[in-house]
Amino acid sequence: MPSPPRTPWCSQSGGGAVVLRPPEFDCARVVQAREEMLILLNRGAASLLVDLAACSTVCACCGVPALVRVFRRARALGTAFHVIAPRNTQARRALDDAQRVSREPFPLVSTSEA
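Keep in mind the model is a prediction, meaning the values are calculated, not measured.

## Considerations on the overall build of the protein chain
Check the secondary structure of the protein chain and you find three helices and five strands. Reading the secondary structure of the protein chain in the N-to-C direction produces β-β-α-β-α-β-α-β. Scored against the burial criterion, the 114 residues of the protein chain give a buried share of 45%.

Now the structure itself:
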């Protein structure tokens, strides 16, 4: 697989797994992050892990829909996709709310479970 996009918060581990650790997942950054995740999937990433453990903001209006879109693409390609977020934070609350109302909830794990 070609190297991941040149983003300071994107890294590739052994076996083709790609890990993204954005500092924020807000409206200002979500479009770039979504597009980079889709590029990685289309290039054949073995798995994609979005680590929001250090992320202080996940915007419910644009961040969550971006994750859902990437999850759908990953599922269509047969690529493993997971989101890590700590419990009891603003970022986790937005993700938990999305999980409750979504017809297609994406895999969400806590930092203690990862």
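Back to the text.
## Points about the state of the cysteines
Taken as a whole, this structure holds one disulfide when the rule is applied. In this model Cys 27 forms its disulfide with Cys 62; the gap between the sulfur atoms is 2.3 Å. Handedness of the Cys 27-Cys 62 disulfide follows from its S-S torsion of about -110°: it is left-handed. In this pair, Cys 27 is assigned in helix H1 (residues 27–42) and Cys 62 in the loop between strand E3 (47–51) and helix H2 (63–77), connecting sequence segments 35 residues apart. A relative accessible area of 42% places Cys 27 in the partly exposed class.

## Some words on H2
An ideal rise of 1.5 Å per residue puts 21 Å on 15 residues; H2 measures up with 21 Å between its terminal C-alpha atoms. Buried residues of H2: Gly 63, Val 64, Ala 66, Leu 67, Val 68, Val 70, Phe 71 and Ala 74, and no others.

## Remarks on H1
Between its first and last C-alpha, H1 extends 23 Å over 16 residues, near the 22 Å set by a 1.5 Å rise per residue. Every buried residue belonging to H1 is among Val 30, Ala 33, Glu 36, Met 37, Leu 38, Leu 40 and Leu 41, and all of these are buried. Phi turns positive one or two residues past the end of H1, at Gly 44, with a value near 100°.

## Considerations on the pairing of strand E4 (residues 80–84)
It is a general feature of regular strands that their side chains alternate between the two faces of the sheet. Looking at chain direction, E3 and E4 are connected through five bridges and run parallel. Opposite Val 50, over in E4, you have Val 83 as the bridge partner. Tracing the backbone out of E3, into H2 and back to the parallel element E4 gives a crossover that is right-handed. Two elements, E4 and strand E5 (residues 108–109), share two bridges in a ladder whose sense is parallel. Within E5, the residue paired with Val 83 across the bridge is Leu 108.

## Things to note about the pairing of E3
Summarising the sheet, strand E2 (residues 17–20) and E3 pair through four bridges and their orientation is parallel. Residue pairing for E3: Val 18 is matched across the bridge by Leu 48. A crossover links E2 with its parallel partner E3, the connecting element being H1, and its sense is right-handed.

## A word on the confidence of the model for the protein chain
When pLDDT is averaged along the protein chain, the result is 76, and 77% of the positions lie at 70 or above. Per-element mean pLDDT across the protein chain ranges from 64 in strand E1 (residues 10–12) up to 88 in H2.

What counts and how
- Residues numbered from 1 in each chain as written.
- Predicted model: local features only at pLDDT ≥ 70, side-chain atom pairs only at ≥ 80, totals over all residues.
- Heavy atoms only, no water.
- Helix = DSSP H or I, 4+ residues; strand = E, 2+ residues; numbered from the N terminus.
- Buried < 20%, exposed > 50% of the residue type's maximum accessible area, 1.4 Å probe, protein only.
- Disulfide = S-S within 2.5 Å.
- Expected span 1.5 Å × (residues − 1).
- Pairing = 2+ DSSP bridges.
- Right-handed = clockwise from strand over helix to strand, strands pointing away.
- pLDDT = per-residue confidence, 0-100.

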